[in-house]
Amino acid sequence: MSSDVILWLEFLILPPGLLIPFAVLGLLVFKKRKRFAVALILSGVALTLILAMPKVARSLISDLQTYPPVNLTDERFEQATTAIVVLGGGRYPNAPEYQDQDQISPATLERLRYAAVLKKQLALPMVLSGGRRNADATPEAVMMNKVLVDEYAVEPEYLEVHAANTREQAIQVKFLLADTAITQVVLITHAWHMPRAVDEFKASGLEVIPAPMGFMATANQRVNYIPSAAAMQISARALHESYARIWLSLTYGKPDPKPVEPADTEPEARQDP
């Protein structure tokens with residue numbers, strides 16, 4: 001399935017785009033079943049408004065944020081078979097303030113900031129994982145590496161530069177570490193993304209210590225039932241993760257993408273993006 005088709009499907013099953021299927025179906029049956037058509041359209045509007053309520057958004061995202069912050073006194077951190085793995089969270093393409101060069105996204109920067117803290121506290125080897133959208137783009141892991149070195153004075157040991165999604169990150173990181181003694185990873189990603197990431201890395205054969213960060217919607221709002229764009233965005237994020245986990249559960253057992261030989265996994269690839 002092409003990436004364009006996936007993007008359109010996501011648009012139609014996530015707010016606010018999910019209103020469109022209700023409206024289209026309603027219009028198609030309007031002449032023959034007017035009441036049913038009106039009910040369909042109103043249902044789409046109502047569902048969209050409900051998902052835009054802060055109370056609903058907090059509930060949806062909280063159901064995903066099940067892993068607590070990591071316990072830094074965990075004895076597993078002392079094992080020589082453990083490494084920190086940081087998952088890329090997207091890029092900021094053609095950033096005008098950086099001479100139209102790609103930069104890491106705010107989400108990726110949040111993960112790197114926390115990774116720098118853990119790296120200094122735990123003194124474990126670190127893997128940065130993130131590939132590219134097209135052959136001409138700089139791999140996300142390379143951009144992440146530059147930020148860590150230049151801005152946080154932290155030098156990762158490994159770069160995984162081929163993966164385009166969470167499943168591929170798990171496969172590629174496992175492949176990258178195959179010739180090392182590392183069998184356990186301290187996994188850094190956003191709290192709402194952690195359940196899916198843990199499932200993928202465990203499926204690849206690695207033991208996982210979740211180190212979630214960036215917990216969303218942790219504070220109560222003054223208004224709970226007045227729809228807002230911010231709440232709709234949180235609901236969309238939660239539904240995206242839930243749909244992805246359902247899809248992954250349906251596709252387990254099918255052939256995984258083959259790992260790519262790690263040609264640039266050494267941190268010498270620190271060129272400017």
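Overview of the structure. Since the model is a prediction, treat every value here as computed from it, not as a measurement.

1. Some points on the overall build of the protein chain
In terms of helices and strands, the protein chain carries 9 helices and 7 strands. Seen along its three principal axes, the alpha-carbon backbone of the protein chain occupies a region of about 65 × 45 × 40 Å. Each of the 273 residues in the protein chain was classed as buried or not, and the buried ones make up 43%. Put simply, the protein chain shows about 15,000 Å² of open surface, and 58% of that area lies on carbon and sulfur atoms. One way to put it: in the protein chain the 26 positive side-chain charges average out to a point 15 Å from where the 29 negative ones average out.

2. Section: a nonpolar patch on the surface
On the surface, a nonpolar cluster with roughly 1,200 Å² of combined accessible area is contributed by Trp 8, Phe 11, Leu 12, Ile 13, Ile 20, Val 24, Leu 25, Leu 28, Tyr 243, Ile 246, Trp 247 and Leu 250. When contributions to the nonpolar patch are tallied by element, the ones reaching two or more residues are helix 1 (3–13), helix 2 (19–28) and helix 9 (229–251). Relative to the assigned elements, Ile 246 resides in helix 9.

3. Brief notes about the packing of aromatic side chains
Each pair of aromatic rings is reported with the distance of its centres and the angle of its planes. Counting across every chain of the model gives 1 aromatic pair. Seen in terms of ring centroids, Trp 8 and Phe 11 are 5.9 Å apart; in terms of plane orientation they differ by 85 degrees. Their pairing is edge-to-face. Of this pair, Trp 8 and Phe 11 both sit in helix 1, 3 residues apart, which is roughly one turn of the helix. Its relative accessible area of 57% is what places Trp 8 among the exposed residues. If you follow Arg 33 out to its NZ or CZ, it ends over the ring of Phe 36, 4.7 Å from the centre.

Rules used in this analysis
Residues numbered from 1 in each chain as written. Predicted model: local features only at pLDDT ≥ 70, side-chain atom pairs only at ≥ 80, totals over all residues. Heavy atoms only, no water. Helix = DSSP H or I, 4+ residues; strand = E, 2+ residues; numbered from the N terminus. Buried < 20%, exposed > 50% of the residue type's maximum accessible area, 1.4 Å probe, protein only. Areas by Shrake-Rupley, 256 points an atom, 1.4 Å probe, with all protein chains shown as cover. Lys, Arg positive; Asp, Glu negative; His and termini not counted. Charge placed at Lys NZ, Arg CZ, Asp CG, Glu CD. Patch = residues over 30% accessible without salt bridge, like charges linked within 9 Å, V, L, I, M, F, W, Y side chains within 5 Å. Salt bridge = Lys/Arg side-chain N within 4 Å of Asp/Glu carboxyl O. Phe/Tyr/Trp six-rings, centres within 6.5 Å; stacked < 30°, edge-to-face > 60°. Lys NZ or Arg CZ within 6 Å of the ring centre and 35° of its normal.

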